[in-house]
Amino acid sequence: MSDLFERCHAFTAKWEGGLTDDAADAGGITNHGVSIAFLSDLAGRKPGVVTGAGIALPVTADTIRRLTAQQAAQLFRVEFWQPLRCDELPPAVALCLYDMAVNHGRAGAVKILQRAATIFDPGLAVDGKLGPKTMAVAKRMGSAYAVGIIANARQRYYDNIVARNPSQHAFLRGWTNRCRAMLSEALGIVGAAE
């Protein structure tokens, strides 16, 4: 694992937390950020990734309860970090994109990034696909200004969730805190690079 992945995952892991089983959470029982819905889907698409992390199939609630932090990191590296080519991005953008992907899925995270990136390239499609044009713009977004725009786009995403489904308002404060913490961490990365 790259040092950048480890730093970004450490940030995300703090927000994902340990074992939760909140009836209002559509993902179902979750441990270290790995929900039963996510792991079941991954096991159906890529069973070798799941068993390669030392997780026995089939996926059950007990599978989630027994999941370790190291297994979660391994799954997230393969399912989010690598496909989003985070090692190719400015470190602050990699942090934002990775944390958003763990929280919103890859396509959702890319859409948030694309919405922010339209400030730099108004013709950029917001389609959730990390194509060459999106990567080219993202590689230029390592400034404090750019990560601020990414954080604002993410906050609008959260606000829109609550506007569409007011029952999710109970989660908004935590989401907002996570978004602010992401911005702070990303700005720290930018500052360290200067």
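Before reading on, note that the structure itself is shown above.
Draft legend 1. The arrangement of the side chain of Gln71 in detail. With respect to the helices and strands, Gln71 occurs in helix H5 (residues 69-81). A distance of 2.9 Å separates the side chain of Gln71 from the backbone nitrogen of Thr68, its partner in a polar contact. Every residue in contact with Gln71, bar those within four places of it in the chain, is listed here: Ala53, Gly54, Ile55 and Arg66.

Draft legend 2. Layout of the packing of aromatic side chains. Taken as a whole and assessed by the stated rule, the structure comprises 10 aromatic pairs. Where Tyr157 meets Tyr158, the ring centres are 6.3 Å apart and the plane angle is 65°; that geometry is what we call edge-to-face. Overall, Tyr157 belongs to the partly exposed group, its relative accessible area being 25%. Ring plane angle 25° and centroid distance 5.8 Å describe the contact between Phe171 and Trp175, whose orientation is recorded as stacked. Residue Phe171 and its partner Trp175 are both found in helix H10 (residues 169-193); the two are separated by four residues, about one turn of the helix. Phe171 gets classed as partly exposed once you look at its relative accessible area, which sits at 23%. Judged by relative accessible area, Trp175 falls into the buried class, the value being 17%.

Draft legend 3. Representation of unusual backbone geometry in the model. With an omega dihedral of 5°, the bond running from Leu57 to Pro58 counts as a cis peptide bond. Positive phi, close to 55°, is recorded for His32, a residue that is not glycine. On the basis of relative accessibility, which here comes to 24%, the residue His32 falls in the partly exposed class. A positive phi is found at Arg85, a non-glycine position, where the angle reads about 55°. Relative to the elements of secondary structure, Arg85 occurs in the loop between H5 and helix H6 (91-104). The class of Arg85 is partly exposed, set by a relative accessible area of 32%.

Draft legend 4. Up close: helix H9 (residues 144-164). In this model, H9 (21 residues) spans 30 Å end to end at C-alpha, consistent with the 30 Å of a helix rising 1.5 Å per residue. When we look at burial in H9, the residues that qualify are Ala146, Val147, Gly148, Ile149, Ile150, Ala151, Ala153, Arg154, Gln155, Tyr158, Ile161 and Val162. Lining the buried residues of H9 we find H6, helix H7 (106-117) and H10.

Draft legend 5. Just helix H2 (residues 36-45), in detail. Of all the residues in H2, the buried ones are Phe38, Leu39, Leu42 and Ala43. One side of H2 carries all its buried residues, which in axial view fall inside an arc of 130°. The inward-facing, buried residues of H2 contact strand E2 (34-35), helix H3 (47-52), helix H4 (61-66) and H5.

Draft legend 6. Fine view of the nonpolar core. Val34, Leu97, Tyr98, Met141 and Ile150 are the most contacted members of the largest nonpolar core, which has 62 residues in total. Of all the secondary-structure elements, those providing two or more residues to this core are helix H1 (3-16), H2, H5, H6, H7, helix H8 (132-138), H9 and H10. With 10 residues, the single largest contributor to this core is H6.

Calculation notes
Residues numbered from 1 in each chain as written. Predicted model: local features only at pLDDT ≥ 70, side-chain atom pairs only at ≥ 80, totals over all residues. Heavy atoms only, no water. Helix = DSSP H or I, 4+ residues; strand = E, 2+ residues; numbered from the N terminus. Polar contact = N/O pair within 3.5 Å; in protein donor to acceptor, adjacent residues only side chain to side chain. Contact = heavy atoms within 4.5 Å. Phe/Tyr/Trp six-rings, centres within 6.5 Å; stacked < 30°, edge-to-face > 60°. Buried < 20%, exposed > 50% of the residue type's maximum accessible area, 1.4 Å probe, protein only. Expected span 1.5 Å × (residues − 1). Arc of directions from axis to C-beta. Core = buried A, V, L, I, M, F, W, Y, C linked by side-chain atoms within 4.5 Å.

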